[in-house]
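Here are the chains, one letter per residue:
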Amino acid sequence: DAKTTQPTSMDCAEGRAANLPCNHSTISGNEYVYWYRQIHSQGPQYIIHGLKNNETNEMASLIITEDRKSSTLILPHATLRDTAVYYCIVNSGGSNYKLTFGKGTLLTVNP
Amino acid sequence: NAGVTQTPKFQVLKTGQSMTLQCAQDMNHEYMSWYRQDPGMGLRLIHYSVGAGITDQGEVPNGYNVSRSTTEDFPLRLLSAAPSQTSVYFCASRKAEGGGNGYTFGSGTRLTVV
């Protein structure tokens with residue numbers, strides 16, 4: 001799986017959009033970009049994934065650059081409950097069972 | 001759906017004891033995995049299964065055994081607990097079909113070996 005690079009930590013004001021970047025310059029054509037988050041002491045939670053196109057669901061939006069070497073997870077209206085470690089993971093899905101978790105980005109949403 | 005259920009939530013073992021961490025899912029997911037998470041580190045894959053009767057080793061399998069006799073259950077066995085196995089253990093599952101399904105994780109088992 002391609003390696004990802006994320007900032008160690010970020011802050012965001014409550015109610016504002018949180019934009020979390022991820023670099024994955026060695027991503028290959030069949031690899032997806034996944035985002036998970038882990039709220040303190042809980043199990044990781046799947047957020048969203050994408051291959052080439054931008055994606056949106058009820059939790060977040062995922063913007064993938066045209067060259068696919070980086071992506072941004074957007075939480076449109078961050079709340080205090082969004083404070084968590086966010087993991088960007090590149091994985092080919094399908095028969096690739098292993099998720100390789102890095103250290104992620106600690107997002108702190110401030111009141 | 002209950003999702004992925006892990007039991008127990010907390011456990012203290014003495015060195016050398018054995019125990020089984022339980023994991024059950026009711027979503028008819030083919031793939032199931034066990035991860036451990038140590039302070040300051042990301043999750044590391046211990047064992048995984050792609051279906052009933054099929055298991056394989058992950059990144060850190062030593063000291064752990066698994067079996068998958070049913071689609072729903074994927075227990076993790078510690079044969080002879082060691083302090084190095086003190087960790088938080090997470091079980092996860094997902095559907096096999098489709099290239100980009102996300103995993104559903106359980107809430108974890110916090111294990112301390114003294």
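So, a few notes on the structure that sits alongside this text. (Residues numbered from 1 in each chain as written. Chains lettered and ligands numbered in written order. Predicted model: local features only at pLDDT ≥ 70, side-chain atom pairs only at ≥ 80, totals over all residues. Heavy atoms only, no water.)

A few points about the interface of chain B and chain A
How big an interface is tends to be stated in terms of accessible area lost as the parts join. The test is simple: Contacts are assigned to residue pairs that have any heavy atoms within 4.5 Å of one another. Note on terms: buried area is the combined drop in 1.4 Å-probe accessible area of two parts once they are placed together, counting the loss on both. Note on definitions: salt bridges are taken to be side-chain nitrogens of Lys or Arg within 4 Å of carboxyl oxygens of Asp or Glu. Two N or O atoms form a polar contact when they lie within 3.5 Å of each other; inside protein one atom must be a possible hydrogen donor and the other a possible acceptor, and for residues adjacent in sequence the pair counts only when both atoms belong to side chains.
At the interface, 23 residues of chain B touch 22 residues of chain A. Carbon and sulfur atoms supply 54% of the area that chain B and chain A bury against each other, a total of about 1600 Å² over both sides. Taken together, the connections running from chain B to chain A amount to zero salt bridges. One can count four residue pairs in polar contact (both at pLDDT 80 or more) joining chain B with chain A.

With respect to the nonpolar core
The test is simple: The term nonpolar core refers to a set of buried residues drawn from Ala, Val, Leu, Ile, Met, Phe, Trp, Tyr and Cys, joined through side-chain atoms within 4.5 Å. A 1.4 Å probe rolled over the protein chains alone gives each residue an accessible area, and that area as a share of the maximum for its type sets the label: buried under 20%, exposed over 50%, partly exposed in between. Secondary structure elements follow DSSP: runs of H or I of four or more residues count as helices, runs of E of two or more count as strands, with numbering from the N terminus.
Within the largest apolar cluster, 21 residues are counted, with the highest numbers of intra-cluster contacts made by Trp35, Leu73, Tyr86 and Leu107 of chain A. Contributions of two or more residues to this core are made by strand E2 (18-23), strand E3 (32-38), strand E4 (45-50), strand E6 (61-64), strand E7 (70-75), strand E8 (84-91) and strand E9 (105-110) of chain A. Considering every element that reaches this core, the biggest residue donor is E8 of chain A, with four residues. If sequence neighbours within four positions are ignored, leucine 107 of chain A has contacts with Met10, Asp11, Cys12, Ala18, Leu20, Leu75, Asp82, Thr83, Ala84 and Tyr86 of chain A. Counting 20 residues, the second largest nonpolar core, distinct from the first, contains Met27, Val60, Tyr64 and Ala81 of chain B.

With respect to the sheet that holds strand E1 (residues 9-13) of chain A
Residues and elements named next belong to chain A. Selection criterion: Should DSSP find at least two bridges between two strands, the strands are taken to pair. Lines fitted to the C-alpha atoms define the axes, with helices restricted to the stretch that makes contact. Angles between their N-to-C directions range from 0 to 180 degrees.
Strands sit in the order E1-E9-E8-E3-E4 across an open sheet of five strands; the sheet is mixed. Edge strands, defined here as strands with exactly one partner in the open sheet, are E1 and E4. The mean inter-strand angle of the sheet, taken between neighbouring strand axes irrespective of direction, is 25 degrees. Of the pairings in the sheet, the one linking E3 to E4 comprises five bridges and is antiparallel in character. Bridge pairing in E4 places tryptophan 35 opposite isoleucine 48.

Overview of the packing of aromatic side chains
Put simply, the rule reads: For Phe, Tyr and Trp, rings pair up if their centres lie within 6.5 Å, where Trp contributes its six-membered ring, and each pair is then called stacked (planes under 30 degrees apart), edge-to-face (over 60) or tilted (otherwise).
This model, assessed by the stated rule, comprises 11 aromatic pairs over all chains. Ring centres of tyrosine 64 of chain B and tyrosine 89 of chain B lie 5.8 Å apart, and the angle between their planes is 65 degrees; on these two criteria the pair is classed as edge-to-face. Taken together, the positions of tyrosine 64 of chain B in strand E7 (residues 64-66) and tyrosine 89 of chain B in strand E9 (residues 87-94) put the pair 25 residues apart, joining distant regions of the chain. With respect to burial, tyrosine 64 of chain B and tyrosine 89 of chain B carry one shared label: buried. Among the aromatic side chains, those forming a connected cluster through ring pairs are Tyr32, Tyr34, Tyr36, Tyr46, Tyr87 and Phe101 of chain A together with Tyr35, Tyr103 and Phe105 of chain B.

So, the sheet that holds strand E8 (residues 76-78) of chain B
Backbone-to-backbone hydrogen bonds pair the strands of a sheet. The strands run either parallel or antiparallel. Residue and element names in this part refer to chain B. Read across the open sheet, the four strands follow the order E1-E3-E8-E7; overall the sheet is antiparallel. Strand pairing shows two members of the sheet lacking a second neighbour, strand E1 (4-7) and E7, which therefore form its edges. Neighbour to neighbour, the strand axes of the sheet diverge by 20 degrees on average, direction disregarded. The sheet contact formed by E7 and E8 spans three bridges and is antiparallel. Counterpart to asparagine 65 in the pairing with E8 is arginine 77.

Quick notes on the state of the cysteines
Residues and elements named next belong to chain A. Just so we agree on the cut-off: Throughout, a disulfide means two cysteine sulfur atoms within 2.5 Å of one another.
All chains considered together, the criterion is met by two disulfides over all chains. Paired by a disulfide, cysteine 22 and cysteine 88 hold their sulfur atoms 2.1 Å apart. An S-S torsion of about -80 degrees defines the bridge between cysteine 22 and cysteine 88 as left-handed. Taken together, the residues cysteine 22 in strand E2 and cysteine 88 in strand E8 connect sequence positions 66 residues apart. The residues cysteine 22 and cysteine 88 share a single accessibility class, namely buried.

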